[in-house]
Amino acid sequence: MGTLLSLNVGRAHRPAHAHTQETAIGKRPVEGRVGIAAPGKRGTAGSSGSAVAGDQVCDLRNHGGDDQAIYAYGREELDFWERRLRRALPNGIFGENLTTLDVATTDALIGERWQVGPKTVLEVCATRFPCRTFTEWIGSEDWMTQFVREALPGAYLRVIVPGDIGAGDTISTLSRPEHGVTSGVVFRAMTREPELLPLLAEVEALSAHQRDKAARRARGGARI
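Anyway, here's the lowdown on the structure attached to this text. A quick note: this is a predicted structure, and the numbers were derived from the prediction, not measured. (Residues numbered from 1 in each chain as written. Predicted model: local features only at pLDDT ≥ 70, side-chain atom pairs only at ≥ 80, totals over all residues. Heavy atoms only, no water.)

**With respect to the overall build of the chain**
Threshold: Under the scheme used here, helices are H or I runs from DSSP no shorter than 4 residues and strands are E runs no shorter than 2 residues, and both carry numbers assigned from the N terminus. Radius of gyration means the value over C-alpha atoms here, while the globule rule gives 2.2 Å times the residue count to the 0.38 power. Buried residues are those whose accessible area, probed at 1.4 Å on protein chains only, stays under 20% of the maximum for their type, while exposed residues exceed 50% and partly exposed ones sit between those limits. Between two residues, a contact is recorded if the distance between any of their heavy atoms is within 4.5 Å. Note on areas: Shrake-Rupley, 1.4 Å probe, and residue coverage restricted to the protein chains presented here. The positive count covers Lys and Arg only, the negative count covers Asp and Glu only, and His and the chain ends enter neither. A charge is said to be at NZ when it belongs to Lys, at CZ for Arg, at CG for Asp and at CD for Glu.
Along its length, the chain carries 5 helices and 10 strands. The C-alpha radius of gyration computed for the chain amounts to 16 Å, which stays within 12% of the reference 17 Å derived for 224 residues, consistent with globular compactness. Viewed in the frame of its principal axes, the chain has a C-alpha envelope of about 45 × 45 × 40 Å. Within the chain, the fraction of its 224 residues that count as buried is 52%. In the chain, the share of contacts with a sequence separation of at least 24, taken over all contacts with a separation of at least 6, comes to 69%. When the accessible surface of the chain is split by element, carbon and sulfur atoms take 49% of a total near 10600 Å². Separation of charge centres in the chain, based on 28 positive and 27 negative side chains, amounts to 5 Å.

**A few points about the packing of aromatic side chains**
Using the following cut-off: Stacked, tilted and edge-to-face are the three classes assigned to paired rings of Phe, Tyr and Trp, where Trp is represented by its six-membered ring and a pair needs centres within 6.5 Å; plane angles under 30 degrees give stacked, over 60 edge-to-face, the rest tilted.
Under the definition given, this model contains 13 aromatic pairs. Summarising the aromatic geometry, the rings of Trp81 and Trp143 are spaced 4.6 Å apart at their centres and angled 65 degrees between planes, so their arrangement reads as edge-to-face. With Trp81 in helix 1 (residues 75-85) and Trp143 in helix 3 (residues 143-150), this residue pair connects regions lying 62 residues apart in the sequence. A residue is classified by how much of its surface remains accessible, and Trp143, at 0% relative accessible area, is buried.

**Looking at the pattern of salt bridges**
For the record, the criterion: By definition, a salt bridge exists where a carboxyl oxygen of Asp or Glu is found within 4 Å of a side-chain nitrogen of Lys or Arg.
Tallied over the entire structure, the rule returns 14 salt bridges. Between Arg132 and Glu136 there is a salt bridge whose closest N-O contact spans 3.3 Å. Within this pair, Arg132 and its partner Glu136 are both found in helix 2 (residues 132-138), separated by 4 residues, close to a single helical turn. A salt bridge links Glu150 to Arg149, with the nearest nitrogen and oxygen atoms 3.7 Å apart. For Glu150, a relative accessible area of 23% gives the class partly exposed. Assessed through its relative accessible area of 44%, Arg149 is described here as partly exposed. Among the charged side chains, a salt-bridge network with shared partners connects Asp67, Arg113, Glu123 and Arg158.

**Describing the packing of helix 1 against helix 3**
Counted only if it meets this: Lines are fitted to the C-alpha atoms to define the axes, a helix being fitted only along its stretch in contact, and any angle between axes, read from their N-to-C directions, falls within 0 to 180 degrees. For classification purposes, angles smaller than 35 degrees are called roughly parallel, those larger than 145 roughly antiparallel, those between 65 and 115 roughly perpendicular, and all remaining angles oblique. Note on convention: near helix rotated counterclockwise from far helix by under a right angle means a left-handed crossing. Clockwise means right-handed.
Relative orientation of the contacting elements helix 1 and helix 3 amounts to 135 degrees, with a least axis distance of 13 Å. The angle between helix 1 and helix 3 places the two elements in the oblique class. Read as a crossing pair, helix 1 and helix 3 show a hand that is right-handed. On helix 3, the residues touching Phe80, Trp81, Arg84 and Leu85 of helix 1 are Trp143, Gln146, Phe147, Arg149 and Glu150.

**Description of the state of the cysteines**
How we decide: Note on disulfides: each one is a pair of cysteine sulfur atoms within 2.5 Å.
Counted by the stated rule, this structure contains 0 disulfides. In this model Cys125 remains outside any disulfide bridge; the closest cysteine sulfur is found in Cys131, 17 Å from its own. With relative accessibility at 0%, the residue Cys125 sits in the buried group. Residue Cys131 is classed as partly exposed on the basis of its relative accessible area, which comes to 26%.

**So, the environment of Ser207**
Following the sequence through the fold, Ser207 ends up in the loop between helix 4 (183-191) and helix 5 (208-218). Ser207 gets classed as buried once you look at its relative accessible area, which sits at 4%. In the structure, Ser207 is positioned 49 residues away from Arg158 in sequence and 9.3 Å away in space, judged by C-alpha atoms. Those residues within four positions of Ser207 in sequence are excluded, and the remaining contacts are Asp67, Cys125, Ala126 and Arg158.

Written out as structure tokens, the structure is:
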């Protein structure tokens, strides 16, 4: 059983020295309980892209939607990166909505279900890949290389049962599939270990977007 250390939301802002005009990647902890509900298919009119009330997604073409509704990252992984980057990394800085403790986000199985707080149920459904905005936000020229090398992506989740959650809630695992494909395995398959790609084909809970991209990559097509 783990703990939700902080629930983080982001609002659009214009970062200095970045190619993008607006981003909400830098999220900040909020107090109290916040509603969680599926945002709808990516790009749906009126959708914020995020399952977390008050959270904003700027690039609705590439982020957000039901299969990237919530991003979770472990405090333990942030601590690792603090040591590596030699700088403080507060909760939410990686753009994660859930900063967790004692939850194996990268090692969570695709299709694994978590209960957060008294009611809310989430399902691990995709992994996170580094992008140019993430690299510029962190401010390290070789950030993408480092992130791929360490393969600590955390996990994206979809909403199964809506509810409200807040810092201090327990996170318990309700069920785990038997296929053995974790968020970390998906990440490694799509970046530096293509021999793992066949494992992804039959994982039904994996987001359709990432499953299709993996299939194209296995045929020698699309890269991340």
